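Below, each chain spelled out in residue letters.
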Amino acid sequence: MGKLRNLSSDEILVQFFYALKIIRLSQQQQLDSNDDDDDTMSHANLPLPEITNVVFMGMGEPSDNAVNVRNALQILTNVDLFHMGQT
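Conventions and cut-offs
- Residues numbered from 1 in each chain as written.
- Predicted model: local features only at pLDDT ≥ 70, side-chain atom pairs only at ≥ 80, totals over all residues.
- Heavy atoms only, no water.
- Helix = DSSP H or I, 4+ residues; strand = E, 2+ residues; numbered from the N terminus.
- Buried < 20%, exposed > 50% of the residue type's maximum accessible area, 1.4 Å probe, protein only.
- Patch = residues over 30% accessible without salt bridge, like charges linked within 9 Å, V, L, I, M, F, W, Y side chains within 5 Å.
- Areas by Shrake-Rupley, 256 points an atom, 1.4 Å probe, with all protein chains shown as cover.
- Salt bridge = Lys/Arg side-chain N within 4 Å of Asp/Glu carboxyl O.
- Core = buried A, V, L, I, M, F, W, Y, C linked by side-chain atoms within 4.5 Å.
- Phe/Tyr/Trp six-rings, centres within 6.5 Å; stacked < 30°, edge-to-face > 60°.
- Contact = heavy atoms within 4.5 Å.

**Quick notes on the overall build of the protein chain**
Helix and strand counts for the protein chain stand at two helices and zero strands. Counting over 87 residues, the protein chain shows a buried share of 17%.

So, in structure tokens, the structure goes:
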């Protein structure tokens, strides 16, 4: 099929934002289930882990979309926004 278009920096950031939202919901669900005093712990109700790193893959060649990837990285590594490290 080939490449149709490049993702914008906003589209890249939205993917990250929704991943964070899913993690927060998972953690909230875990807290809510702990309030039910259910002592059974299954793999299905474990909260998702925090995001510790980001890899740009499966979205085409990042170097073909360098400007948008760089803009997304600047926002992801901004300590006032997403708090991702710059290493």
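From this point, the discussion proceeds with the structure in view.
**Some thoughts on a nonpolar patch on the surface**
Together, Val14, Phe17 and Tyr18 make up an exposed nonpolar region whose accessible area comes to about 280 Å². Topologically, Tyr18 is positioned in helix 1 (residues 9–35).

**Digging into the nonpolar core**
One broad trend across soluble globular proteins is that nonpolar side chains are buried collectively. Counting nine residues, the largest nonpolar core is built from Ile12, Leu13, Phe16, Leu20, Phe56, Val69, Ala72, Leu76 and Met84. Of all the secondary-structure elements, those providing two or more residues to this core are helix 1 and helix 2 (66–76). Broken down by element, the residue count for this core peaks at four residues, all from helix 1.

**Examining the pattern of salt bridges**
A full pass over the atoms with the stated rule returns one salt bridge. A salt bridge links Arg5 to Glu11; the nearest nitrogen and oxygen atoms lie 2.7 Å apart.

**Observations concerning the packing of aromatic side chains**
Applying the stated criterion across every chain, the model contains one aromatic pair. Residues Phe17 and Tyr18 carry aromatic rings whose centres are separated by 5.6 Å and whose planes lie at 70° to one another, so their mutual orientation is edge-to-face. Phe17 sits in the partly exposed class, given a relative accessible area of 39%. When its relative accessible area of 46% is taken as the criterion, Tyr18 is described as partly exposed.

**Description of the side chain of Asn65**
Relative to the assigned elements, Asn65 resides in the loop between helix 1 and helix 2. When its relative accessible area of 7% is taken as the criterion, Asn65 is described as buried.

**Some points on the side chain of Ser9**
Along the polypeptide, Ser9 turns up in helix 1. Residue classification places Ser9 among the buried residues on the basis of a relative accessible area of 13%. In this view, Ser9 contacts Asn68, Asn71 and Ala72; residues no more than four positions away in its chain are not counted.

**Side note on the environment of Asp10**
The topology assignment puts Asp10 in helix 1. When the C-alpha atoms of Asp10 and Val69 are compared, they prove to be 9.8 Å apart, with 59 residues separating the residues in sequence.

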